[in-house]
Amino acid sequence: MRQSLENVRAHVEQSVKGDIPTLRLRSGVELPLLGLGTWGFGGREARDPSNDDTRDIRAIQRALEHGITHIDTAEAYAGGYAEELIGKALVGIPRERLVIGSKVHDAHLAYHSILGAAQASIDRLGCEYLDLYMLHGPSAQVGLAESFSALNELHSRGRIKSVGLSNFPLEKVREAEALSLAPLDFVQLHYNLSVREIVETGLLEYCQKAQIAVVAWRPLEKGKFSPEQVAFLKPLTDKYGCTVSQLAIAWLLRQEGVATIFQTRNEDHLRENLSALNIQIEDGDYCALRDQFPGTLSRSYSRPLS
Ligand SMILES: NC(=O)c1ccc[n+]([C@@H]2O[C@H](COP(=O)([O-])OP(=O)(O)OC[C@H]3O[C@@H](n4cnc5c(N)ncnc54)[C@H](OP(=O)(O)O)[C@@H]3O)[C@@H](O)[C@H]2O)c1
């Protein structure tokens, strides 16, 4: 493991932070267009003692070796254990080269709970501050004003650099903008070729106009596009000489203000997904994917916005 860590350090030292193009958020944080998701690392809702932790740590280190610097996680992932694994993977990596994002669980949105949750995430990650911090989803119990009083404090104390939301509907995004002392920088949402809720609700267009970055989660629909959808993509994957996953990522990144995070433990998939950055989808093809892709869902099946 020691040799492997030195290897990672050497690669990260060499890689210029700009290897992956970035979106410059209004806070000044440079958000890479592609980042690594960590849902399932270390377990699902709770830590899984039978999980192969070495495999997950290695997956994070390999992503760093390939130029990924944005790591997405949440206190809810494996009950906080995913953050611990990331902390282990990042030992010795210059902090300023990383863009670490985490989320506070919907059940912890009261003022003191957020302050405690943020510190616990920072401690587990061993990272001193979070580049990106977001509310994981709305709470029926706690109003946004209370949550933002904590986020504003964390931001003013330098514990979080950029403030965002995840899985909030348009009216709540507007409310949050008014409550946040720092610019509301980003919203993390379920968005891909198949799931179009944020288009239907106008949230995507609103964010693009307001210069709020959209970070699309589950860009590959977990690698499970339907046979009909894959058949629709075939002429385009042939034309661009790419895979379905690459086309799915390139389609997202073709859109103004959109970045994305995918999850993989597989090095071939990692390379494949990163190569999506080289695909320039022509206007007509982009529109065909936008307007004619079969079987699209107008609501997220996983975290619908209302
Ligand atoms: N804010 C939220 O509420 C929320 C919700 C869900 C997810 N997220 C974040 O978004 C991240 C990504 O979403 P996700 O993990 O649900 O889904 P995803 O990235 O769309 O799909 C991940 C799955 O696709 C496979 N895969 C990756 N690259 C592939 C390729 N090139 N070809 C074929 N299969 C490939 C991976 O397995 P292999 O290991 O075999 O590659 C993995 O099983 C999460 O990890 C998490 O950080 C946020």
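Above this note sits the structure.
In this text the structure is predicted, and so the values were computed from the model without any measurement.

Asks: How would you summarise the overall build of the protein chain if you had to cite specific residues and measurements?
Replies: Regarding its fold elements, the protein chain presents 12 helices and 10 strands. Computed over C-alpha atoms, the radius of gyration of the protein chain comes to 19 Å, within 12% of the 19 Å expected from 2.2 N^0.38 for 306 residues, which places it in the range of a compact globule. Seen along its three principal axes, the alpha-carbon backbone of the protein chain occupies a region of about 50 × 50 × 35 Å. Among the 306 residues that make up the protein chain, the fraction classed as buried is 43%. Counting only contacts in the protein chain whose residues sit at least 6 apart along the sequence, the fraction spanning at least 24 positions is 80%.

Asks: Give a detailed account of helix 3 (residues 81-89), specifying residues and quantitative values.
Replies: For helix 3, a buried count of 8 out of 9 residues is recorded, marking the element as mostly surrounded by other parts of the structure. Taken together, the buried positions of helix 3 are Tyr81, Ala82, Glu83, Glu84, Leu85, Ile86, Gly87 and Ala89. Where helix 3 is buried, its residues contact helix 2 (53-65), strand 4 (70-72), strand 5 (99-104) and helix 4 (111-125).

Asks: Tell me about the sheet that holds strand 9 (residues 213-217), and name the residues and values.
Replies: Either a parallel or an antiparallel arrangement is found when strands of a sheet pair, and the pairing is made through backbone hydrogen bonds. Taken together, the 8 strands give a closed barrel; going around it, the order is 3-4-5-6-7-8-9-10, and neighbouring strands pair in parallel fashion. Across this sheet, the average inter-strand angle for adjacent strands is 30 degrees, counted without regard to direction. Sheet topology note: the strand 8 (residues 184-190)/strand 9 ladder contains 5 bridges and is parallel. By the bridge assignment for strand 9, His190 is matched with Trp217.

Asks: With reference to specific residues and values, describe the nonpolar core.
Replies: Core analysis: the largest hydrophobic core is formed by 81 residues, its most contacted members being Ile60, Ala118, Val187 and Val214. No other element matches the 6 residues that helix 10 (residues 244-253) contributes to this core. Discounting chain neighbours no more than four positions away, the residues touching Ala118 are Val104, Leu130, Tyr133, Leu154, Arg159 and Ile160.

Asks: With reference to specific residues and values, describe the packing of helix 10 against helix 11 (residues 267-275).
Replies: Following both chains from N to C, one finds helix 10 and helix 11 inclined at 40 degrees, their axes separated by 8 Å at the closest point. Viewed along their axes, helix 10 and helix 11 adopt a mutual orientation that is oblique. As helix 10 runs across helix 11, the sense of the crossing is right-handed. For the pair formed by helix 10 and helix 11, the contact residues are Ser245, Gln246 and Ile249 on the first element and Glu272, Asn273 and Ser275 on the second. Its residues assigned to classes, the contact of helix 10 with helix 11 shows 1 nonpolar, 4 polar and 1 charged.

Asks: Lay out the pairing of strand 5 with the relevant residues and their values.
Replies: Across the 6 residues of strand 5, 6 count as buried, placing the element largely inside the fold. Strand direction decides the pairing type here: strand 4 and strand 5, joined by 3 bridges, are parallel. Bridging across to strand 5, His70 finds its partner in Val99. Between the parallel pair strand 4 and strand 5, the chain is carried across by helix 3, and the sense of this crossover is right-handed. In this sheet, strand 6 (residues 130-135) lies alongside strand 5 in parallel orientation, the contact comprising 4 bridges. Following the sheet pairing, Ser102 is matched in strand 6 by Tyr133.

Asks: Please give an account of unusual backbone geometry that cites residues and values.
Replies: With phi around 65 degrees, Asn167 is a residue other than glycine that occupies positive phi space. One can find Asn167 in the loop between strand 7 (160-166) and helix 6 (170-179). Phi angles above zero are rare outside glycine, and Lys222 is one such case at about 60 degrees. Along the chain, Lys222 turns up in the loop between strand 9 and helix 9 (227-240). C-beta crowding within 10 Å serves as the criterion here: with 12 such atoms nearby, Lys222 is assigned to the exposed category.

Asks: I'd like a description of the site of the ligand, backed by residues and values.
Replies: Neighbouring the ligand are 25 residues; Gly37, Leu220, Gly223, Gln263 and Thr264 lie closest to it. Elements represented by at least two residues in the shell around the ligand include exactly strand 10 (258-262) and helix 11. Sorting elements by how many residues they give to the shell around the ligand places helix 11 first, with 3 residues. By residue class, the composition of the shell around the ligand is 6 nonpolar, 12 polar and 7 charged.

Rules used in this analysis
Residues numbered from 1 in each chain as written. Predicted model: local features only at pLDDT ≥ 70, side-chain atom pairs only at ≥ 80, totals over all residues. Helix = DSSP H or I, 4+ residues; strand = E, 2+ residues; numbered from the N terminus. Rg over C-alpha atoms; globule rule 2.2 N^0.38 Å. Buried ≥ 20, exposed ≤ 12 C-beta atoms within 10 Å, placed from the backbone. Contact = placed C-beta atoms within 7 Å. Pairing = 2+ DSSP bridges. Axes fitted to C-alpha atoms, helices over the stretch in contact; angles between N-to-C directions. Core = buried A, V, L, I, M, F, W, Y, C linked by C-beta atoms within 7 Å. Parallel < 35°, antiparallel > 145°, perpendicular 65-115°, else oblique. Left-handed = near helix turned anticlockwise from the far one by under 90°. Nonpolar A, V, L, I, M, F, W, Y, C, P; charged D, E, K, R; others polar. Right-handed = clockwise from strand over helix to strand, strands pointing away. Near = placed C-beta within 6 Å.

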